[in-house]
Structure formats: C-alpha cells, structure tokens
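# Fold and geometry: a report
Each chain, letter by letter, is given below.
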Amino acid sequence: HETLADKQYRPNIHFSPPTGFMNDPNGLIFDGRYFHLYYQYNPFGPYAGHVHWGHAVSTDLYTWQDLPIAIRETEAGEAYSGCAVLDRDNRSGLFPPRTQDKPQPGSVETAAQKAAQLFPSLPEDEQDRRSVNKQAQDLLDKTKTNTDLLRQLSDNPVSRDMSPVPMAPALPPMAGGLVAIYTRATPQRQTQYIAWSPDGGQTLKDYEGNPVLDIGHNSFRDPKVIWHAPTEKWVMVVVRSREHKVSFYGSFDLKHWMHLSDFGPSGITGVDYECPALAEVEVEGEAPGEKRWVLFVSINPGGPQGGSITQYFVGQFDGERFTPDDTIVDLTDFGKDSYALQTYENMPGNQTVYIAWLDNWQYCEELPNKSWRGIMTIPRKVVLRRDTAGWLRIAQNPYGLEALRQPAIPFALSRLEPQSSRQLSLPTGDAVELLLDVSLEDRASNLPDGDQGRAGRFVVAFSNRQGESLSIGFDGFSCQLWLDRSNLHGFTHPFFTGTFSSALIPGSRRFKLRIVLDACTLEVFANEGMSVGTALIYPASPLETLSFQVTNAAAVIHKVALYPLRKTMDR
Ligand code: FRU
C-alpha cells in the first residue's frame with residue numbers, strides 16, 4: 001500500500017513511524033546505553049486515535065531501531081503522552097528485589113519474538129477514518145489480551161519485521177530501572193498512570209495500583225517528571241488543559257503525588273495547554289554553571305501562526321513553584337510545525353536536548369503521504385542566551401548533526417554583486433545541511449528604491465525545473481528573515497499556510513543560517529539558534545537546484561558550505 005508520496009516524503013535522517021500515525025514524542029530518556037524515543041502511536045491507520053506508545057532506541061539520536069509497542073490502548077483507555085524516569089534506587093518499590101543485578105536471560109529472544117508482530121493492512125479507502133477506526137476497534141474487541149493481539153498482528157501478511165536491539169551489557173547494575181509516567185484517557189477521564197520496565201525499557205508493565213493521580217477531571221494530562229536533586233524528590237508538571245494551568249506535583253516514590261502549585265494562565269492560552277516540560281538550562285557566556293529554569297507549554301489550537309505552537313517561560317523553580325523572571329511571552333519556533341517538544345531526561349553532561357513532533361494538528365491527518373504519518377524533529381540542544389536587549393532567550397541548535405556530514409559539495413562563493421545569482425545542483429535523494437554566514441553591504445546608490453528590498457535582500461532558494469521553489473530570505477532593510485513554502489505544489493490545505501517570518505538582530509546586516517532539508521522537512525536555525533523555523537514542505541517534484549540571489553546590494557559571503565548527510569533511517 002505504499003504510494004509514491006509515502007516514498008518521496010519519507011525522511012532520511014528524521015524519525016518517522018514504519019506505518020500508522022505518530023504524534024508527540026514520549027518517554028525521552030537516556031538510560032546510560034540507549035536514547036529511548038517512545039511516541040504517541042496509532043498502529044492501525046494513518047489517523048490519530050487508538051493511542052499506543054510506539055518505541056525506538058538509538059545510540060546517536062539519528063539512527064533508530066524499532067522496538068515493539070511498549071504501552072497499549074486497553075479497556076482503561078488510550079495511552080496518551082507522558083515521560084520516563086530512571087528510578088535507580090528502586091525508590092518506587094516497583095522493581096523486584098535484586099533481579100536487575102543479573103542480565104535478564106532470554107530478554108533478547110523475547111524482544112526478537114515480539115518484534116515479529118505488526119500491523120493490520122490499511123483499508124482500501126484510506127481516507128475513511130471511520131472505517132479505519134472501526135477496524136481497529138473490532139480488532140481490539142476481539143483481542144482481550146496483548147498476547148492474542150500480538151499473535152493476530154503477526155499473522156498478518158503485511159507485517160514488517162522490526163529488528164531487535166542487541167542488548168549491550170554496559171549498564172551498571174541498579175536496584176531499580178525505567179519507569180514511565182503517562183495519561184490514560186477516556187472521553188470521561190484523564191488520569192496519570194505509571195509503568196515499570198523489567199528489561200531496560202523494552203516492555204512496560206502497568207503498576208496494579210494505577211491510577212496514581214486522579215483528580216476526577218477529563219482534561220488533565222501529559223505528565224513530564226524530572227528528578228529535583230536539591231529537594232530529593234520527583235517533580236511532575238502536568239496540564240489542566242482547558243483551564244490553561246500547569247500543575248506541579250511532588251513525589252518520593254512515583255506512586256504518591258502531592259500537589260505543590262499551579263502556573264497559569266499565562267502568555268498565550270489558545271484552547272488547550274498540552275505537553276508541558278520543565279528543564280534547568282545552562283546560561284551561555286555567564287559564570288560557568290549558571291542556569292535558569294525554562295517551562296515549555298504547548299498550545300493547541302490557537303497558536304499565533306495557526307494551530308499548534310509551543311511557548312516558553314524563563315524563571316526560577318524552587319522545588320515547589322515556578323516563578324518567571326519577566327513577563328515575556330515567546331515561542332520556540334517562527335514556523336508552525338514544531339509541537340509538543342519533550343526534553344531528554346538524564347542527558348549526558350546535563351545538557352538540555354529535546355525532540356518535537358514536526359507537525360501541526362491543523363493538517364497532520366490530511367498530509368499527502370498515507371501509509372505512514374508523523375515525523376520527529378532532529379534533536380536540538382537548548383541553551384539560554386541574552387538577546388540584544390539583554391533578555392534571556394532560548395537558543396536551539398541541531399544536536400550531534402555534524403557526525404552525519406559527508407564531504408562538502410565543492411562550491412566557492414565569496415561575493416555576490418547586486419542583482420546577481422549563483423546556483424548549484426543538489427545531490428539527489430539526500431538530506432542536506434547548508435551553512436551560510438552573509439553580510440549585505442550598503443545599498444548600491446545607483447539602484448532605485450522600491451521593489452526587491454529597499455536596502456537589499458538575500459535569497460536562498462531550493463527549486464526544480466517544474467517551477468517550484470522554496471525560499472529562505474533576509475531583508476536588509478528590516479533585518480527580518482522569511483521562509484516561503486507557498487510555491488510548492490504537493491499539498492494544499494486551507495490551514496497549510498505558506499509564509500513565516502522572524503525578526504533577527506535589529507540593525508545588523510550580517511546573519512548566519514544553518515538549514516537542514518530532508519524530504520518533506522525544513523529546519524532553519526538562524527544566528528546560532530536564536531530564531532528557529534520548522535516547516536513541512538511538499539514539493540510535487542524533487543528539489544534539484546540551490547541558488548543564492550541578491551537584490552539591491554552586494555553580499556559578502558563569509559562562509560558557505562553544503563553537506564549531504566548520511567542516511568540514518570532505512571524505511
Ligand atoms: C498533544 C496531545 C496530548 C495528548 C496526545 C494524544 O499533541 O493532544 O495532549 O496526550 O496528543 O495523542
């Protein structure tokens with residue numbers, strides 16, 4: 001059932017599910033050996049619904065190995081978003097005494113057997129969401145236990161093998177292990193569950209005492225838990241989504257939770273607050289070890305660009321209460337396709353690294369690809385940096401991407417005269433990374449005011465012979481950046497708007513860009529990550545040419561480099 005679009009838009013370095021529908025990243029944790037990526041997943045069709053937790057692991061955050069579904073929809077509800085923590089000392093008491101000290105015999109085989117499971121075929125009419133969901137419901141009704149479901153799925157002819165992850169011996173013995181904290185959702189109730197893993201995260205077993213947190217609410221979800229060392233407890237941020245509140249809870253054992261405080265409504269409210277995240281983030285360029293807390297809150301719908309968006313607040317957290325430093329409201333992205341970010345727990349060096357869902361609820365279920373839907377952003381490292389006005393803002397940059405670079409495509413360009421352009425061919429089928437550092441000179445005095453930028457414009461365009469083009473440009477007069485996907489013809493939708501912009505450094509005619517283009521994804525990091533734009537892009541035909549154009553001023557190119565990126569996702 002793979003269509004041309006399914007192949008054409010399949011990313012090379014970004015995670016996408018084998019089939020089915022994926023949304024939020026969940027349970028992001030480094031366990032000392034693997035980075036885990038669990039994700040909101042409907043294995044039955046390319047639409048949201050019947051939410052399970054899909055699972056993949058990686059050692060570099062780009063090369064992902066699929067693992068069996070980790071949490072299933074049950075009679076208790078769908079498995080909505082949540083997180084994972086490492087309970088090293090078995091403070092939860094969920095782990096049987098001492099078994100973690102020895103390797104688990106048979107765990108590799110079990111994983112391999114389970115990996116043989118897969119998905120029912122998609123119905124002919126893939127547009128019919130009701131029939132997909134009906135089929136899924138029937139299947140779930142018929143299969144009361146996971147074992148039955150697994151058996152039934154693996155009998156299916158369209159099953160695709162998932163290779164098991166070879167278990168490295170490396171983890172030091174620990175008394176406890178990985179615990180997931182997530183929301184069970186029914187239309188009536190949203191409650192918080194915990195599940196523990198006997199085998200390093202491959203399987204998650206629900207605690208019998210679930211739910212561990214139930215306030216009798218139907219919009220109470222998306223717990224993100226961190227270990228708060230100064231007060232030696234776990235802290236959960238979770239939303240009362242319709243009330244636009246982030247609630248803080250504390251726990252010593254992950255089973256009992258005490259309400260600590262509430263934050264919000266604050267900033268943009270939209271319809272629902274979703275997927276909060278709290279992280280202590282390094283402040284760049286100040287005293288070493290200087291940190292501040294950042295609270296991220298995703299909002300859907302009602303983001304200023306339309307639909308789903310994530311805002312953040314910078315402040316202090318004392319173990320009970322988050323206090324913002326200022327009244328600034330800022331978004332993580334100037335595009336509209338970065339949502340529900342989650343920060344990695346237990347990241348080496350205490351760095352703050354996140355992955356977000358590269359999508360928007362406005363159109364995620366109607367994208368041109370059909371046998372699979374949903375993509376994650378590349379991992380991004382977050383630091384705090386002062387902007388020109390002195391306010392602490394987040395700066396976000398690709399994490400570990402350099403390791404994927406292949407030899408740069410030979411191309412030299414140090415200057416472009418007004419109204420000129422240069423172009424080069426893009427490598428076919430590869431993801432690419434483009435680095436640029438450019439200054440626009442003063443506007444040439446012999447040029448008229450008016451069109452094409454009063455004081456000069458610099459345009460980076462990815463185009464093809466069919467006349468499609470994707471442009472990222474800098475306007476020297478207003479010092480703003482734009483991103484324009486409207487001249488691509490592979491997808492139209494009333495909410496799939498075309499152009500976005502971001503104000504860069506006021507008065508500065510120098511700007512730096514780091515652009516990652518991979519199949520249907522574009523990620524733009526400007527000025528070392530001070531402005532980030534994430535966009536799905538759907539050219540009807542592949543983009544073949546990269547060009548640089550300048551109008552009404554000359555451009556000095558301090559640096560230009562184009563790297564093909566090594567493919568890490570083989571789908
Ligand atoms: C955010 C969200 C969460 C919820 C999940 C359901 O995208 O709506 O609030 O837990 O998706 O899949």
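Residues numbered from 1 in each chain as written. Predicted model: local features only at pLDDT ≥ 70, side-chain atom pairs only at ≥ 80, totals over all residues. Heavy atoms only, no water.

## Focus: the overall build of the protein chain
Spelled out, the test is: Every helix listed is a DSSP run of H or I at least four residues long, and every strand listed is a run of E at least two residues long, numbered separately from the N terminus. A simple rule labels every residue: compare its accessible area, found with a 1.4 Å probe on the protein chains alone, to the largest value its type can have, and call it buried under 20%, exposed over 50%, or partly exposed in between. Contacts are residue-level and defined by heavy atoms, with any inter-residue pair within 4.5 Å sufficient. With residues, only the protein chains shown are counted as cover, and all accessible areas are computed by Shrake-Rupley using a 1.4 Å probe.
Looking only at helices and strands, the protein chain features 4 helices and 34 strands. Residue burial in the protein chain is summarised as follows: out of 571 residues, 61% are buried. In the protein chain, the proportion of contacts linking residues at least 24 apart, taken out of those at least 6 apart, comes to 66%. Summed over all atoms, the accessible surface of the protein chain reaches about 21900 Å², with 50% contributed by carbon and sulfur.

## What about the sheet that holds strand β23 (residues 415–416)?
Here is the rule we go by: The rule for pairing is simple: two strands pair if DSSP sees at least two bridges between them.
The strand order β23-β34-β25-β30-β31-β32 describes an open sheet built from 6 strands, whose pairing is antiparallel. Either end of the sheet is taken by a strand with one partner, and the two such strands are β23 and β32 (531–536). Here strand β25 (residues 431–443) runs beside strand β34 (residues 553–565); their pairing, made up of 11 bridges, is antiparallel. Opposite leucine 435, over in β34, you have alanine 561 as the bridge partner.

## Points about the site of the ligand
Let me state the cut-off plainly: Proximity is defined per residue: if any heavy atom of the residue lies within 4 Å of a molecule or strand, that residue is considered near it. In the analysis that follows, any N or O atom pair within 3.5 Å is treated as a polar contact, provided that within protein one partner can donate a hydrogen and the other can accept it, and provided that, for residues neighboring in sequence, both atoms belong to side chains. Under the scheme applied, nonpolar residues are Ala, Val, Leu, Ile, Met, Phe, Trp, Tyr, Cys and Pro; charged residues are Asp, Glu, Lys and Arg; polar residues are all the others, including Gly.
The immediate surroundings of the ligand are formed by Asn23, Asp24, Gln40, Val51, Tyr80, Ser81, Arg221, Asp222, Glu274, Cys275, Tyr339 and Trp361. Between glutamate 274 and the ligand, the recorded distance is 2.9 Å, taken from a side-chain N or O atom to an oxygen atom. Its free accessible area being 320 Å², the ligand has 94% of it covered by the protein chains. Within the residue set of the shell around the ligand, elements represented by two or more residues are β1 (20–30), β5 (78–87), β9 (220–228) and β13 (272–282). Split into classes, the residues belonging to the shell around the ligand amount to 5 nonpolar, 3 polar and 4 charged.

## Some points on the nonpolar core
We count it as follows: Here, nonpolar core means buried Ala, Val, Leu, Ile, Met, Phe, Trp, Tyr and Cys residues that are tied together by side-chain atoms lying within 4.5 Å of each other.
Counting residues in hydrophobic clusters, the biggest one holds 39 residues, and the most contacted among them are Leu434, Leu436, Phe458, Val460, Phe462, Leu513 and Phe548. Of all elements in the fold, only β25, β26 (457–463), β27 (469–475), β28 (480–487), β30 (510–518), β31 (521–526), β33 (545–551) and β34 reach the threshold of two or more residues within this core. Per-element accounting of this core gives the leading share, 5 residues, to β25.

## Some points on the sheet that holds β33
Where we set the bar: Lines are fitted to the C-alpha atoms to define the axes, a helix being fitted only along its stretch in contact, and any angle between axes, read from their N-to-C directions, falls within 0 to 180 degrees.
Ordered by their spatial adjacency, 6 strands build an open sheet running β24-β33-β26-β27-β28-β29, and the pairing between neighbours is antiparallel. Two strands close off the open sheet at either side, each with one partner strand: β24 (420–425) and β29 (499–503). Pairs of neighbouring strands in the sheet enclose a mean axial angle of 15 degrees, with direction left out of account. Where β26 lies against β27, 7 bridges are found, and the strand directions are antiparallel.

## A closer look at the confidence of the model for the protein chain
Going by this rule: You can read pLDDT as the predictor saying how much it trusts each residue, on a scale of 0 to 100.
When pLDDT is averaged along the protein chain, the result is 89; 85% of the residues meet or exceed 70. Per-element confidence in the protein chain is highest for β31, whose mean pLDDT is 99, and lowest for helix α2 (residues 107–115), whose mean pLDDT is 35. The low-confidence segment residues 99–103, where pLDDT is below 50, has 9 contacts with residues more than four positions distant or belonging to other chains. Every residue in residues 139–170 is under pLDDT 50, and counting partners more than four places away or in other chains gives 72 contacts.

## Some remarks on the environment of methionine 22
Tracing the chain through its elements places methionine 22 in strand β1. With relative accessibility at 0%, the residue methionine 22 sits in the buried group. Between the alpha carbons of methionine 22 and methionine 376 there is a distance of 8.9 Å; along the sequence they are 354 residues apart. Apart from residues lying up to four places away in sequence, methionine 22 is in contact with Phe15, Ser16, Pro17, Tyr39, Gln40, Trp357, Arg373, Gly374, Ile375 and Met376.

## A short note on the packing of aromatic side chains
Formally: Any two rings among Phe, Tyr and Trp, with Trp reduced to its six-membered ring, count as a pair given centres within 6.5 Å; such a pair is stacked if its planes are under 30 degrees apart, edge-to-face if over 60, and tilted if neither.
One pass over the structure, following the stated rule, counts 29 aromatic pairs. Ring geometry for tyrosine 9 against tyrosine 538: centres 4.9 Å apart, planes inclined by 85 degrees, an arrangement best described as edge-to-face. In this pair, tyrosine 9 sits in the loop between α1 (4–8) and β1 while tyrosine 538 sits in the loop between β32 and β33, placing the two residues 529 residues apart along the sequence. Overall, the relative accessible area of 4% leaves tyrosine 9 in the buried class. Each member of the aromatic cluster is reached from another via a ring pair, and the members are Tyr9, Tyr363, Phe491, Phe496 and Tyr538.

## Some thoughts on the pairing of β26
Within β26, 6 of the 7 residues are buried, which leaves the element mostly enclosed by the surrounding structure. Where β26 folds back on β27, the antiparallel hairpin that results is connected by 5 residues, among which glycine 467 adopts a positive phi of roughly 90 degrees. The pairing of β26 with β33 spans 7 bridges and is antiparallel. When the bridges of β33 are listed, arginine 457 appears paired with threonine 551.

## Considering the pattern of salt bridges
The test is simple: In the sections that follow, a salt bridge refers to a side-chain nitrogen of Lys or Arg positioned within 4 Å of a carboxyl oxygen of Asp or Glu.
Taken as a whole and assessed by the stated rule, the structure comprises 30 salt bridges. The shortest N-O distance in the salt bridge between arginine 514 and glutamate 402 comes to 3.2 Å. Highlighted residues: arginine 514 in strand β30 and glutamate 402 in the loop between β22 (392–398) and β23, separated in sequence by 112 residues. Exposure remark for arginine 514: the relative accessible area of 13% places this residue in the buried category. Accessibility expressed as a relative area gives 39% for glutamate 402, which makes it partly exposed. Salt-bridge contacts for arginine 405 lead to glutamate 433; the nearest nitrogen and oxygen are separated by 2.8 Å. Residue arginine 405 is located in the loop between β22 and β23, and its partner glutamate 433 is located in strand β25; the two are separated by 28 residues in the primary sequence. One continuous salt-bridge network, built from bridges that share partners, spans Arg221, Asp222, Arg242, Asp272 and Glu274.

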